[in-house]
Each structure stands twice: as C-alpha cells, then as structure tokens.
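Residue-level listing of the chains:
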Amino acid sequence: MLSSLKNHPFAVEAFFESSLVLTFAVQKEQLQNLIPACLELDTFQDKWAFVAVAMVQTKDLRPKGFPKFMGNDFFLIGYRVFVRYTTNAGKNLRGLYILKSETDQKKMEVMGNMFTHYNYTTTDISKTEQESTIEIKSGKSNFNILLSKEEDAIPLPPESPFSDWKEARRYAGPLPFTFTYNSKTAEVLIIEGVRQNWTPVPVRVMDYHFSFLDSLQLKNPALANAFIIRNIPYYWKKGKIEKWKQ
C-alpha cells in the first residue's frame, strides 16, 4: 500500500514562473548504463545522447483541482536523460528518465518522496540578478550557473552538435513523459505532463559547473543548448503502470 503511493497516484498542477534547461550532449555509449533496459536513449544522428539539468521555479504546486491557496512555491532541480519507451500497444513515447532531484524546501522533499520515485533531497539555492547577468548557485550541491540577460542574436554554444536553434529545440525539454522502472515487478510507471504555450527562448550561458554531472564521470560533455520559458500553467497526470514485455 505504501509503495503504491509513490506511483504518482493523483494529478498535480503548478504554475511555472520559469523553467531553465541546460542540455549536454555526450556520446551515447556513456549514458547507456544510466537507464533501465526498458528504455532507449533518445539520440541525435545515432551518435549523441543527452543529459539535462532543469531548474524550475514553481508557484502554487498542489493536487490538481485543489484551490491555489493550498499550493506551495518550490524551486525544483532535476537531472535527467532524454529517452524513448515503446508501450505494449506499440506506441513510441519520448520522455525523460530522472537521475536525481533537488528542492529548496524540506516539505517538498518529504512530499515528493512520498508520492514519486524521484528521490528528492533538500539543498540551498540562491539566485542573484545584476544589471546584465543572473547567477544561480548552491554551496551544498556545488553548482553554479551564470547567465547573460541579453536576448538578441544568441548563438548556439560553440560545442553544440546542432546546426541551429530549431534543431536544438527538439532536445530542450520538458518532454511529454517521465518514466520510472521497478525492476522487482518489471513495471514501467508513465507520467504525462501537459503544458500550454510552451515557447522555449534561447539563453547565453556564460559559465557553469555541476558537481553531480562531474560525479557521472562523463567524457567531454558538451553544452548543446540552453533555453528558458516563463509563466506557463503545467500539470502532471496521474501515473499509469504497465508490465514491461521483455
């Protein structure tokens, strides 16, 4: 009974004040051992696979249908891999596999770990805005990002495998689905996200460091793209479970 609570047993909604996503490209062989066998890497040119860091400022996060005053505001961080899953009905779904999740409040850690498999931990997060830059950092998690506020004619990161922003946007996230796999029961949990007016805007990353990415010991990860969206209603449907047919 308690374990079933972790399977996203009800729909959840929130307002995204902002969602910043940095996506890194690595040779696909490096990420294969980070995902369960039921999933496939979502690759580019059959060479590149992608791991992303998403930083989301949520407002009024609550069970769907509950009044806003019952919601909470959280800063959420997710480290995830771009993947695909083929359902038993033969439908190919693009989505994400979560490697690690962080938040700025203990309440979200407790509730998140009660109703999901995302293994939240609480960390310190600070955001500082200057005239021309925005910095987001954490001492405990040992990461920092420095962004430029400029908005015009932003080039792709120099090491990006993409030829233009249109091509890069395909791997900008968030993708419609998130997957969790229970190896003991051979069950796949599928959570679908629903959003409106999703228009990612390119941002220039001036500097970055993520200790968690370092811990994965990836060779030569390249910043492939960086996008931000603002002011988007979002909700996650109740989780669905199906048996994986190996």
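Small disclaimer: the values here were computed from a predicted structure and weren't measured.

Rules used in this analysis
Residues numbered from 1 in each chain as written. Predicted model: local features only at pLDDT ≥ 70, side-chain atom pairs only at ≥ 80, totals over all residues. Heavy atoms only, no water. Helix = DSSP H or I, 4+ residues; strand = E, 2+ residues; numbered from the N terminus. Rg over C-alpha atoms; globule rule 2.2 N^0.38 Å. Buried < 20%, exposed > 50% of the residue type's maximum accessible area, 1.4 Å probe, protein only. Areas by Shrake-Rupley, 256 points an atom, 1.4 Å probe, with all protein chains shown as cover. Lys, Arg positive; Asp, Glu negative; His and termini not counted. Charge placed at Lys NZ, Arg CZ, Asp CG, Glu CD. 1 Å grid on protein atoms, 1.4 Å probe; cavity = no way out; pocket = protein on both sides within 12 Å on 5 of 7 lines; lining within 4 Å. Points joined across faces, edges and corners; volume = space filled by probe spheres on them. Nonpolar A, V, L, I, M, F, W, Y, C, P; charged D, E, K, R; others polar. Pairing = 2+ DSSP bridges. Axes fitted to C-alpha atoms, helices over the stretch in contact; angles between N-to-C directions. Salt bridge = Lys/Arg side-chain N within 4 Å of Asp/Glu carboxyl O. pLDDT = per-residue confidence, 0-100. Contact = heavy atoms within 4.5 Å.

1. Re the overall build of the chain
- Scanning the chain from terminus to terminus reveals four helices and 15 strands.
- A compact globule built from 246 residues should have a C-alpha radius of gyration of about 18 Å, and the chain, at 18 Å, falls within 12% of that.
- C-alpha extents for the chain along the principal axes are approximately 50 × 45 × 35 Å.
- Of all 246 residues assigned to the chain, the portion counted as buried reaches 50%.
- Roughly 12700 Å² of accessible area belongs to the chain as shown, and the carbon and sulfur atoms make up 50% of that amount.
- Taking the 31 positively charged and 26 negatively charged side chains of the chain as two groups, their mean positions are separated by 8 Å.

2. Here's the deal with the layout of surface pockets
- There is about 840 Å³ of room inside the largest pocket.
- Along its surface, the largest pocket is lined by 41 residues, and Val12, Leu61, Met108, Tyr120 and Trp236 are the ones closest to its centre.
- Counting only elements with at least two residues in the lining of the largest pocket, the list comes to strand E1 (12–27), strand E3 (48–63), strand E4 (72–86), strand E5 (92–103), helix H2 (106–115), strand E10 (177–182), strand E11 (187–195) and strand E14 (222–236).
- Residue composition of the lining of the largest pocket, by class: 28 nonpolar, nine polar and four charged.

3. Details of the sheet that holds strand E7 (residues 126–129)
- Pairing in this open sheet of four strands is antiparallel, and the strands run E7-E8-E9-E13 from one edge to the other. For this open sheet the edge positions go to E7 and strand E13 (205–210), each flanked by a neighbour on one side alone. Ignoring which end each strand starts from, the neighbouring axes of this sheet average 10 degrees apart.
- Where strand E8 (residues 133–138) and strand E9 (residues 143–148) come together, six bridges link them in antiparallel fashion. The residue of E9 that forms the bridge with Ile136 is Ile145.

4. Comments concerning unusual backbone geometry
- A positive phi is found at His8, a non-glycine position, where the angle reads about 50 degrees.
- Relative to the elements of secondary structure, His8 occurs in the loop between helix H1 (2–5) and E1.
- For Asn220, which is not a glycine, the phi torsion comes out positive at approximately 55 degrees.
- Mapped onto the elements, Asn220 comes out in the loop between helix H4 (211–215) and E14.

5. Side note on the pattern of salt bridges
- On inspection of all chains with the given rule, the structure shows ten salt bridges.
- Close ionic contact of Arg94 with Asp42 constitutes a salt bridge, the shortest N to O distance being 2.6 Å. Taken together, the residues span a long stretch of sequence, with Arg94 in strand E5 and Asp42 in the loop between strand E2 (40–41) and E3 at a distance of 52 residues. Just as Arg94 is buried, Asp42 falls in that class too.
- Among the salt bridges present, the one from Glu192 reaches Lys237, with a minimum N-O distance of 3.3 Å. Taken together, the residues Glu192 in strand E11 and Lys237 in the loop between E14 and strand E15 (240–243) connect sequence positions 45 residues apart.
- By relative accessible area, which is 24% here, Glu192 ends up partly exposed.
- Where salt bridges share partners, they join Asp42, Arg84 and Arg94 into one cluster.

6. Focus on the pairing of E1
- Taken across its 16 residues, E1 has 13 buried, putting it largely inside the fold.
- As paired elements, E1 and E14 share 13 bridges and run antiparallel to each other. The residue of E14 that forms the bridge with Val12 is Trp236.
- In the sheet, E1 pairs with E3 via 14 bridges, with the strands oriented antiparallel. Looking across to E3, one finds that Val21 is bridged to Ala54.

7. Details of the confidence of the model for the chain
- Across the chain, pLDDT averages 93, with 98% of residues at or above 70.
- Ranking the elements of the chain by mean pLDDT puts H1 last with 68 and E2 first with 98.

8. A word on the side chain of Ser19
- With respect to the secondary-structure elements, Ser19 resides in strand E1.
- Note on Ser19: relative accessible area 3%, which makes it buried.
- In this structure Ser19 touches Met55, Val56, Trp198, Phe227, Ile228 and Ile229, once residues within four positions along its chain are discounted.

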